[in-house]
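# Structural overview for review
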Amino acid sequence: MKTGKFFRSIAAVVVAAAMLAGCAKKEEVPLGGESSSVVSSASSTSTVSSTSSATSSSSAAIRTHSSYKLIVPPNADGTGGSTSVTPHSDPVQSTPGASQSTPQSSSAVQSTVQSSSTAANSSSSSTPTLKPPVSSNGSAVDRHGWLSVMGTDLVDQSGSKMQLYGMSTHGIAWFPDYINYDTFRFLRDDWGANCIRLAMYSGENSGYCTGGDKQWLKGLVNNGVEYATELGMYVIIDWHVLGDRTPMTYKEEAKKFFDEMSSRYADYPNVIYEICNEPNGGTSWSEIAAYANEVIPIIRANSPDSIVIVGTPTWSQEVDKPAANPLQFDNVMYALHFYADTHRDGLRNTMVNAIRSGAPIFITEFGMCDASGNGAVNESEANKWKSLIDEHNISYMCWNLANKGESSSIIRSGCSKLSGWTDDDLSTQGRIIRSWRRNADY
């Protein structure tokens, strides 16, 4: 146990008590608000309840953005938090080799925000019945606490093997409405999810480093973390490198971002940091490692024990590279991404060999279609992946939580509900994923 972890464990008890109280996949071929502290996006109220003890003690201001409320944190220097921002509009996704169809407008989703909560709790026979909000053994974070890496396994605070499963958002700049307490709660209670991944693009249109509203994007990330925390779920903050190809492109921005996030969430046992989603375009492992060797110490200075996930070359497929030349940090895992109709035995063998060589793998993104995020869903190949995932205790996050008109989105493009989905509201992939873990007990 590291120095500081004893004090951190005390903070974890406080956090747990607070919790109880309360693609366009994107790759070039061949590789493809409500809570005790936040106003619900499905509510018309303009008041905010007291912030939970798990929330930062810094004051936060409320602003209206695109017809719903966001908590906007103050800047690190204490300024800001109530600045008016020009209303945001969703761009057309601009990524190499990806579908250029326009994601469903946020305003289209918002048009039913007021009714979505009612829909989620409708007495209609077609609406799923939710499990109790917290299982008899407590939430996932209550039960498992701070996670760490032991050998190739993710383990919990008692040293028992731990497997995270859940959903990755689409780009939060384009589909912000799914950063929603009701959405996360439904995924937990009906789908068995214990983790949420918040995909914040560093590049692309309205990306964090390419003209996006940084305060607004950080507000979305902060809301997502607080929702997950109140629900007792783990949460991944994803610096979504894609169109920028190498994480070195915006390295200095990434360092500032992760310094701010890891300082803010230093005592949150449920927060995981993914520092570069999918390096590509010939980016080498040595280049990724050089980036990681600058970013990880910044996170470690604030949060010594948090899990850090590092992307791997070729859209996070070449996990053999870090297996041969691993980073020299504790509690680091390496990202592998697959799309079942494209990535078959070859990538599965690469993954297994990397694990046998000692590399801890975390599948932070996968789909059942081809690597473009579209095409036919291949359930047979997906099931082969699922067998290996369970055999090797690998955590896995499905891409993507959105209603974009593509195979990898779990919600049909015509459905604007933010929770309470039935099978009729889901895509083929969505229905299969829901069945995989619906009865899981975390």
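Computed from a predicted structure; not experimentally measured. (Residues numbered from 1 in each chain as written. Predicted model: local features only at pLDDT ≥ 70, side-chain atom pairs only at ≥ 80, totals over all residues. Heavy atoms only, no water.)

Right, let's get into the sheet that holds strand β9 (residues 308-310). Spatially, the eight strands close up into a barrel ordered β5-β6-β7-β8-β9-β10-β11-β12, and their pairing is parallel. Ignoring which end each strand starts from, the neighbouring axes of this sheet average 25 degrees apart. Alignment of strand β5 (residues 165-169) against strand β12 (residues 395-401), held across five bridges, turns out to be parallel. Across the sheet, residue serine 168 finds its bridge partner in β12, namely tryptophan 399. Relative to strand β7 (residues 234-240), helix α6 (residues 214-230) is tilted by about 160 degrees, and along the sheet it contacts β6 (195-201), β7 and β8 (271-274). (Pairing = 2+ DSSP bridges. Helix = DSSP H or I, 4+ residues; strand = E, 2+ residues; numbered from the N terminus. Axes fitted to C-alpha atoms, helices over the stretch in contact; angles between N-to-C directions. Contact = heavy atoms within 4.5 Å.)

A separate point is helix α8 (residues 285-302). For α8, spanning 18 residues, the distance from its first C-alpha to its last is 26 Å, which sits close to the expected 26 Å at 1.5 Å a residue. Of all the bends in α8, the greatest reaches close to 25 degrees and is centred on asparagine 293; the proline proline 297 follows between one and four positions later. The complete set of buried residues in α8 reads Trp285, Ile288, Ala289, Tyr291, Ala292, Val295, Ile296, Ile299, Arg300 and Asn302. (Expected span 1.5 Å × (residues − 1). Bend = angle between axes of the 7 residues up to and from the residue. Buried < 20%, exposed > 50% of the residue type's maximum accessible area, 1.4 Å probe, protein only.)

Now for the nonpolar core. Formed by 96 residues in total, the largest nonpolar core has its most connected members in Trp239, Phe258, Ile275 and Val310. Here this core takes eight residues from α8, the largest share from any one element. The contacts of isoleucine 275, once residues within four sequence positions are left out, are Trp239, Phe258, Tyr291, Ala292, Val295, Ile296, Ile299, Val308, Ile309 and Val310. In terms of nonpolar packing, the next biggest core, distinct from the first, is built from 17 residues, Met162, Leu164, Tyr234 and Met397 among them. (Core = buried A, V, L, I, M, F, W, Y, C linked by side-chain atoms within 4.5 Å.)

With that settled, the discussion passes to the packing of aromatic side chains. Inspection of every chain in the model, using the stated rule, returns 19 aromatic pairs. With 5.8 Å between their ring centres and 80 degrees between their planes, tryptophan 285 and tyrosine 334 make a pair best called edge-to-face. Residue tryptophan 285 is located in helix α8, and its partner tyrosine 334 is located in strand β10 (residues 332-339); the two are separated by 49 residues in the primary sequence. Pair check on accessibility: tryptophan 285 and tyrosine 334 agree, each one buried. Judged by centre distance (5.9 Å) and plane angle (50 degrees), the ring pair of phenylalanine 366 and tyrosine 396 falls under tilted. Of the two residues, phenylalanine 366 sits in strand β11 (residues 361-367) while tyrosine 396 sits in strand β12, which places them 30 residues apart along the sequence. (Phe/Tyr/Trp six-rings, centres within 6.5 Å; stacked < 30°, edge-to-face > 60°.)

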